[in-house]
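Listed here are the chains, written in short residue letters.
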Amino acid sequence: MVRIRFLVGLLASAALLFFQGYDLYTPSSQHMARKKRLKRAQTSEPQSKEKSPILCRELSRVMGALHHKHVRYDGPSREFDRRVIDLFAERLDPMKLLVTQAGLDRQKRQMPGILDQIRRRRCGRLEAMRRARLGWLRGLVKLSVDFASNPDVELLEHLTQERRSRLRPRAQTIGGLRIARMKNLHFELAAHMATGDDLETAKEKVKSRYTRILDRAINETSSDFYRRFLRAFANAMDPHTDYLDPKEYKDFDSWIELSFVGIGFELNEEGGYIVATRILENSPAQVQGGLRPMDRILAITQLPLGETIDLVGVPYEVAAEHLTGPIGSQVKLTINRTSPQNRIFDVVVTRDRIKLTDDLATLSWETVVKDGESLKLAVLKLGSFYRGTGPLVSDSARDVKRLLRQAVQGGAQGLVFDLSSNSGGLVSAAVRISGLFMESPAVVMLDGDDSDEVIKTDPDPGVEFAGPMVVMTSRVSASAAEVTAAALQDYRRAVIVGDETTWGKGSYQNVKKLRANIGGIKVTRGR
């Protein structure tokens, strides 16, 4: 990624050309359409313990809505059904610890009949698959509990294992499956003992964890399993098409509006630990808990009377579920901080509404000297194309317009528009923001499955900044950021600098809300 200080010399050269009368407005004859990318935010919006049920008869309706909206897979086909079968079967056992390859293949052979049943609003075979998975899980849990209960078990310290389960081979035999399970159990013991637990304590924690896993699986409802199926069905269309459960639909709104309810740190799964990789500014995690990046979250207790949940060895998704809750609720976190010295302690935090400030538009200043002339440059950074509703919420076009006016009033002789960390957002915001630099431009052309090409044009003829500018992009810049950068480049309104390529997804999605208690769908509509 190109640093700002490497850019200012280039911008200064552009500024001198502008002052000499070089016309940066001349439109290119090869104006290319650029597209948008919607990225689901990973936030901590409150989640009800009792999800609204999705019924068997509704599966075919959601599947039909996805087919109706999708740019390519507008109806059932043998090729598409095969994609669904392969993806859903793999997701029944993503850790590759439940079933052999032969057992998984048997399930795949039954899947075409399952799809036909679901389309007729019958789910008997899908329920049978859920019971089969529960049987696999019972076998894993029994082995794990027996292992942890065996007083003769000693930790094997020299085992190796590929940490990324998707790269591990699936066991071909029952014996190979048992070896994979035992190896994984030894790695879990090692993770607990690395925090200071002795062997017996680590074994008890492993036993407790697998007992809870089985309890959760037994309590998994038909609706929970149906949601698993719908995600696989949607993702089989393309990686950007998805089914959103009610929580995920709220999370999407949180990302677009840049606020959510939670504790305020980002998680990752590293070496069997849940790690706080980043603490959000002015969040409860920072202000109340004093958390720091790379703190390990060993356990969580919902206050005042909740049980303590051990998070060592727990998948990221499960840990995130335990961390969610309503505004004003309290939680106790057991933290392992390894630097400057290794210690374990508890903190209590109260969940609150958190404003996501990282993506907000910001303005800073740089002064450079070019050929003996001092130039004052404004640096405008935008992390996403966000938009809320109402006058008191964040709106990227409104924020950028306000900052551009500050830049003009401050005497900016040039502008660096930093989109290098911008992952996209609303294409409508990209159109409005592009129009702040050009007079009523045709910004992007959308080509969908059920309509002619649609050209999106900013209706506001006003131009807020007419000076020379550089747009900074990177491989992270995606979707709406690519739309804006491309329009400014194609009309020769700006010089583009940064990485050789941007994200380059090349498609756009629409998000549609389903009935109130089953969430929504995000569907690729075109290019």
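Our structure's up above, just so we're on the same page.
Since this is a predicted model, take the numbers as computed values, not measurements. (Residues numbered from 1 in each chain as written. Predicted model: local features only at pLDDT ≥ 70, side-chain atom pairs only at ≥ 80, totals over all residues. Heavy atoms only, no water.)

As a further point, take the pattern of salt bridges. Counted under the stated rule, the structure contains 20 salt bridges. Of the charged contacts in the structure, one is a salt bridge between Lys142 and Asp146, with a shortest N-O distance of 2.9 Å. Taken together, the residues span about one helical turn, with Lys142 and Asp146 both in helix α5 (residues 124-149) at a distance of 4 residues. For Glu204, the salt bridge goes to Lys207, with nearest N and O atoms at 3.4 Å. With Glu204 and Lys207 both in helix α7 (residues 199-219), this residue pair falls 3 residues apart, about one helical turn. According to the relative accessible area criterion, Glu204 is partly exposed, its value standing at 45%. Overlapping salt bridges bring together Arg82, Asp86 and Lys108 as one network. (Salt bridge = Lys/Arg side-chain N within 4 Å of Asp/Glu carboxyl O. Helix = DSSP H or I, 4+ residues; strand = E, 2+ residues; numbered from the N terminus. Buried < 20%, exposed > 50% of the residue type's maximum accessible area, 1.4 Å probe, protein only.)

Right, let's get into the sheet that holds strand β18 (residues 520-526). By way of backbone hydrogen bonds, the strands of a sheet pair with one another, either parallel or antiparallel. Sheet architecture is open: 3 strands sit in the order β1-β18-β17, paired in antiparallel fashion. Each edge of the open sheet carries a strand with a single partner, namely β1 (242-244) and β17 (508-513). Neighbour-to-neighbour, the strand axes of the sheet open up by a mean angle of 30°, direction not taken into account. Bridging between β17 and β18 involves 6 bridges; their strand directions are antiparallel. Looking at the pairing, Tyr508 lines up with Gly526 of β18. Each of β1, β17 and β18 is contacted by helix α2 (residues 56-69), which is oriented at about 20° to β18, the strand it contacts most. (Pairing = 2+ DSSP bridges. Axes fitted to C-alpha atoms, helices over the stretch in contact; angles between N-to-C directions. Contact = heavy atoms within 4.5 Å.)

For the bond running from Leu303 to Pro304, omega is 10°, close enough to zero to count as cis. For Pro304, the location among the structural elements is in the loop between β5 (295-302) and β6 (308-310). Cis geometry is adopted by the peptide bond preceding Pro340, which originates at Ser339 and carries an omega value of 5°. Along the chain, Pro340 turns up in the loop between β7 (330-337) and β8 (343-350). Notably, Asp371 is not glycine yet its phi reads approximately 55°, a positive angle. Relative to the helices and strands, Asp371 is located in the loop between β10 (362-370) and β11 (373-381). Asp371 gets classed as exposed once you look at its relative accessible area, which sits at 69%. Residues other than glycine seldom take positive phi values, yet Arg492 does so here, at roughly 55°.

Keep in mind that these numbers describe shape and distance, not what the molecule does.
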